[in-house]
Each structure stands twice: as structure tokens, then as C-alpha cells.
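Coordinate inspection notes
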Amino acid sequence: MPDSNSLFDEPADLVPDQAPDPGKDPSGHRARLRKRLLDGGAEALGDHEVIELLLMQAVPRRDMKPVARSLIHRFGSLAGVLQADPRTLAGHPDMGEATVAALKVVTVAATRLARQKVRETPVIGSWQALIDYLTIDMAHLTRERVRVLYVNAKNMLILDDLVGDGSIDEAAIHPREVIRRALDIGATALILVHNHPSGSPEPSRADIDVTNRIAEAGRLLGISVHDHVIIGREGHISLRAKGLI
């Protein structure tokens with residue numbers, strides 16, 4: 001009989017990481033993990049136990065603790081595992097499509113929840129919610145991602161535009177195109193965002209230069225650049241707070 005807690009019902013021969021062992025959780029370890037989670041809340045489990053519990057949903061009859069520990073060791077943290085590239089995760093020993101999906105769905109859910117909070121209140125008045133959303137989505141990426149957040153006169157987010165992946169220079173983001181998009185959708189201001197895969201959010205000369213070019217282009221047409229936020233594993237930096245806009 002399949003595990004009623006499994007998120008996936010794929011046949012074992014189609015899922016490389018689903019190799020059932022005889023006897024299902026004879027020690028009661030899985031039941032104890034679930035009980036600790038439900039009774040103790042967010043801090044009841046260690047990072048490797050959170051990963052283990054997620055993997056258990058995809059693989060009903062195998063000890064997932066060694067895999068969970070090896071993932072934490074390789075990617076450095078719970079966030080690092082959950083934000084890892086799916087192809088990289090799939091190539092990790094004893095991982096496969098079902099287990100990767102069990103991990104990635106958490107990031108999808110967390111990102112959507114954080115994004116919804118940003119959409120419901122004025123961006124400037126809910127700055128921490130915005131930083132939380134951007135951190136979940138971008139802090140652990142292994143390549144740069146550039147996005148533009150467009151807001152209306154009430155500072156409500158009207159478009160979260162993923163410009164693309166790559167360095168923030170004029171090859172990736174064109175000042176005229178950014179301002180034209182703002183005019184097309186009726187935005188009055190925008191926030192530039194990108195991440196630094198190195199981990200440090202300190203701005204480069206290119207970051208500052210492209211921000212000033214976009215700010216100058218917008219100034220002529222009544223479009224303000226509220227900020228340029230750089231996200232990294234070590235935190236975030238606001239160019240406006242640093243006096244660079």
C-alpha cells in the first residue's frame with residue numbers, strides 16, 4: 001500500500017530515487033519527525049531534518065537522513081539546498097526527479113507567498129516584505145538575475161518584470177526600454193534589482209553607472225528610480241541608502 005503522505009505516485013521503475021526497502025519505518029523515526037514538526041513549530045527541526053522530511057514525502061520507504069545531510073554539506077545551508085539549480089540537485093547522489101520536485105515546490109510556495117505580501121501593500125511602506133521576497137527568489141542563485149519592479153502613483157507594485165539573467169550592463173538592461181515600459185503600463189516609478197552570486201551585495205561601478213543612466217532617462221519623462229537593490233547571500237544593499245542615486 002502506498003504511503004498516504006507521499007506527494008508523488010509515480011511507479012518505482014520511473015523514479016530512480018524510489019527504491020523501496022522491506023519494512024516501512026520500523027523504528028518510528030518518520031512519525032517522530034512529523035510529530036516534532038507539528039507540535040514544535042518552525043524551530044522544532046534542524047535544517048537537515050527539514051530536508052529529510054521533505055525527501056520522505058517523495059520516497060516512502062528509504063532512510064533519507066544520509067541524503068539530507070549530504071545535501072546540507074554540499075550546498076551549505078537549508079536555503080542553499082532549496083535554491084539550488086534543479087539539474088544540479090538531480091545530479092547529486094541518490095537524488096532524482098521526485099526528490100528534486102519535493103524540494104523545489106517549497107521554494108515555489110515560499111516565493112509566491114512572499115510576492116503576494118508585496119502586492120497587497122505599498123512597496124515603500126512594506127520594504128522588509130519586499131526584501132524578504134527578493135532574498136527568497138534571488139539570494140542563492142549561481143548567476144546574476146536582473147529585474148525591474150514598476151509601481152504606480154500609490155506605490156503599489158503593478159509589474160515585476162524579470163529582464164533576464166546576466167550581468168547588469170547595457171547588454172542586459174537598456175535604459176530607454178526600461179523607461180518606455182514604465183510609460184506603457186502607467187508606472188510612475190521603478191526599483192531596479194539584481195543579485196550578486198559572489199554573495200557580497202557591494203555595488204560595482206557598472207551597477208552605479210547603469211542606475212544613474214536609467215535615473216537620468218526617467219527624469220526627463222517623469223519616471224522616478226526609487227532605488228536599486230542588490231541581493232546577495234550576505235545580505236542586501238540599497239544604492240539610495242548609500243547615497244548613490
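The structure we're discussing is the one just above.
Structure report, in brief. (Residues numbered from 1 in each chain as written. Predicted model: local features only at pLDDT ≥ 70, side-chain atom pairs only at ≥ 80, totals over all residues. Heavy atoms only, no water.)

1. Considering the overall build of the chain
Along the chain, the regular secondary structure elements total nine helices and five strands. Along the chain, helices (α) and strands (β) appear in the sequence α-α-α-α-α-α-α-β-β-α-β-α-β-β when read from the amino end. Each of the 245 residues in the chain was classed as buried or not, and the buried ones make up 42%. Sequence-distant contacts, at least 24 apart, represent 63% of the contacts inside the chain between residues at least 6 apart. (Helix = DSSP H or I, 4+ residues; strand = E, 2+ residues; numbered from the N terminus. Buried < 20%, exposed > 50% of the residue type's maximum accessible area, 1.4 Å probe, protein only. Contact = heavy atoms within 4.5 Å.)

2. Notes on unusual backbone geometry
Look at Asp94: it is not a glycine, yet its phi comes out positive at around 70°. Along the chain, the position of Asp94 falls in the loop between α5 (86–90) and α6 (97–120).

3. Some remarks on the sheet that holds strand β1 (residues 145–151)
Read across the open sheet, the five strands follow the order β2-β1-β3-β4-β5; overall the sheet is mixed. Taken across any chain shown, the strands that pair with only one partner, and hence form the sheet edges, are β2 (157–165) and β5 (235–238). Going across the sheet, the axis of each strand differs from the next one's by a mean of 20°, ignoring polarity. Across the sheet, helix α8 (residues 175–185) is in contact with β1, β2 and β3 (189–195); its angle to β1 comes to roughly 35°. (Pairing = 2+ DSSP bridges. Axes fitted to C-alpha atoms, helices over the stretch in contact; angles between N-to-C directions.)

4. Comments concerning the packing of helix α1 (residues 29–40) against helix α2 (residues 47–58)
The description of two helices packed together rests on the angle between their axes and the distance between the axes. Two numbers describe how α1 lies on α2: the axes approach to 11 Å, and their chain directions differ by 115°. Between α1 and α2 lies a crossing whose hand is left-handed. Counted together, His29, Arg30, Leu33, Arg34, Arg36 and Leu37 of α1 and Glu49, Glu52, Leu53 and Met56 of α2 form the full contact between these two elements. Split by residue class, the contact of α1 with α2 holds four nonpolar, one polar and five charged. (Left-handed = near helix turned anticlockwise from the far one by under 90°. Nonpolar A, V, L, I, M, F, W, Y, C, P; charged D, E, K, R; others polar.)

5. Some remarks on the packing of α6 against helix α7 (residues 127–138)
Running from N to C, α6 and α7 cross one another at 155°; their axes reach a closest spacing of 9 Å. Relative to α7, α6 is oriented roughly antiparallel. For α6 against α7, the interelement crossing comes out left-handed. Between α6 and α7, the residues in contact are Ala110, Thr111, Ala114, Arg115 and Val118 and Ala129, Leu130, Tyr133, Ile136 and Asp137, respectively. (Parallel < 35°, antiparallel > 145°, perpendicular 65-115°, else oblique.)

6. What to know about the nonpolar core
One recurring pattern in soluble globular proteins is that nonpolar side chains are buried together. Ranked by internal contacts, the top residues of the largest apolar core, which has 23 residues, are Ile51, Leu55, Leu71, Met95 and Leu103. At the level of secondary structure, the elements contributing two or more residues to this core comprise α2, α3 (65–75), α4 (78–82) and α6. At six residues, α2 tops the list of elements feeding residues into this core. The next biggest cluster of nonpolar side chains, apart from the first, holds 18 residues, and it includes Leu130, Leu149, Val193 and Val229. (Core = buried A, V, L, I, M, F, W, Y, C linked by side-chain atoms within 4.5 Å.)

7. Remarks on α6
Taking 1.5 Å of rise per residue, the 24 residues of α6 would be expected to cover 34 Å, and the 34 Å separating its terminal C-alpha atoms lies within 8% of that figure. Along α6, the residues that are buried comprise Ala98, Thr99, Val100, Ala102, Leu103, Lys104, Thr107, Thr111, Ala114 and Val118. The inward-facing, buried residues of α6 contact α2, α3, α4, α5, α7 and β2. (Expected span 1.5 Å × (residues − 1).)

In short, the description is geometric, and any link to function would need to be established separately.
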